[in-house]
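One-letter residues, chain by chain:
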Amino acid sequence: MELTTYNPQKGRLETLEVEFTEENTTWFNYSRSTSVSTITDFEGGILIKKNDYSYPIWLHDISRSDIGYSKKKANELMRSHT
C-alpha cells in the first residue's frame, strides 16, 4: 500500500510502499481521534499512525519492541517529534 508519511529526521513528507501485516503491525482496538491507532515496524524504524486524517510519522532507529508495543509510549514519541 502506498502511504504518505511525515519524516521528522528530514523534515518533509515522503511516500512509502508499506505492507501492514500481523507480523509487523500492532493495532489498538479503541482509539480516540487524538491517540495512536497503529504502530508498524518498517525498514529499521517505526510508523506511528493516529486515528485521524493526519499523516503517519516515520521514526528511524526505533521499533515496536523498543517501546514495548506500548500505545502510551508511541503517543509520547509522536508528541515529541511533531
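Being a predicted model, the structure only gives us computed values, none of them experimental.

K.L.:
I'm lost on the overall build of the protein in this one. Help?
P.N.:
For the protein, the count of helices and strands is one helix and six strands. Reading the protein from its N terminus to its C terminus gives the helix and strand order β-β-β-β-β-β-α. Here the C-alpha atoms of the protein give a radius of gyration of 11 Å, agreeing with the 12 Å that 2.2 N^0.38 yields for 82 residues. For the C-alpha atoms alone, the extent of the protein along its principal axes is close to 30 × 25 × 20 Å. The buried share among the 82 residues of the protein stands at 44%. Considering only contacts in the protein between residues 6 or more positions apart, those separated by 24 or more positions represent 38%. Computed over 10 positive and 12 negative side-chain charges, the separation of the two mean positions in the protein equals 12 Å.

K.L.:
Sorry, what's going on with a negative patch on the surface here?
P.N.:
On the surface, a cluster of negative charge is contributed by Glu2, Glu17, Glu19, Glu22 and Glu23. Looking at the element boundaries, glutamate 2 is found in strand β1 (residues 2–7). For glutamate 2, a relative accessible area of 62% corresponds to the exposed category.

K.L.:
So what exactly am I meant to see when it comes to the pattern of salt bridges here?
P.N.:
If charged atoms from side chains of opposite charge come close, those side chains can pair. Applying the stated criterion across every chain yields a total of four salt bridges. Measuring nitrogen to oxygen at the nearest pair gives 2.9 Å for the salt bridge that ties arginine 64 to aspartate 41. You can see arginine 64 sitting in the loop between β6 (57–60) and α1 (71–81) and its partner aspartate 41 sitting in strand β4 (residues 36–42), a full 23 residues away along the chain. Aspartate 41 sits in the partly exposed class, given a relative accessible area of 23%. Among the salt bridges present, the one from lysine 50 reaches aspartate 52, with a minimum N-O distance of 3.9 Å. Look at the salt bridges and you will find they share partners, linking Lys10, Arg12 and Glu14 into a network.

Thresholds applied
Residues numbered from 1 in each chain as written. Predicted model: local features only at pLDDT ≥ 70, side-chain atom pairs only at ≥ 80, totals over all residues. Heavy atoms only, no water. Helix = DSSP H or I, 4+ residues; strand = E, 2+ residues; numbered from the N terminus. Rg over C-alpha atoms; globule rule 2.2 N^0.38 Å. Buried < 20%, exposed > 50% of the residue type's maximum accessible area, 1.4 Å probe, protein only. Contact = heavy atoms within 4.5 Å. Lys, Arg positive; Asp, Glu negative; His and termini not counted. Charge placed at Lys NZ, Arg CZ, Asp CG, Glu CD. Patch = residues over 30% accessible without salt bridge, like charges linked within 9 Å, V, L, I, M, F, W, Y side chains within 5 Å. Areas by Shrake-Rupley, 256 points an atom, 1.4 Å probe, with all protein chains shown as cover. Salt bridge = Lys/Arg side-chain N within 4 Å of Asp/Glu carboxyl O.

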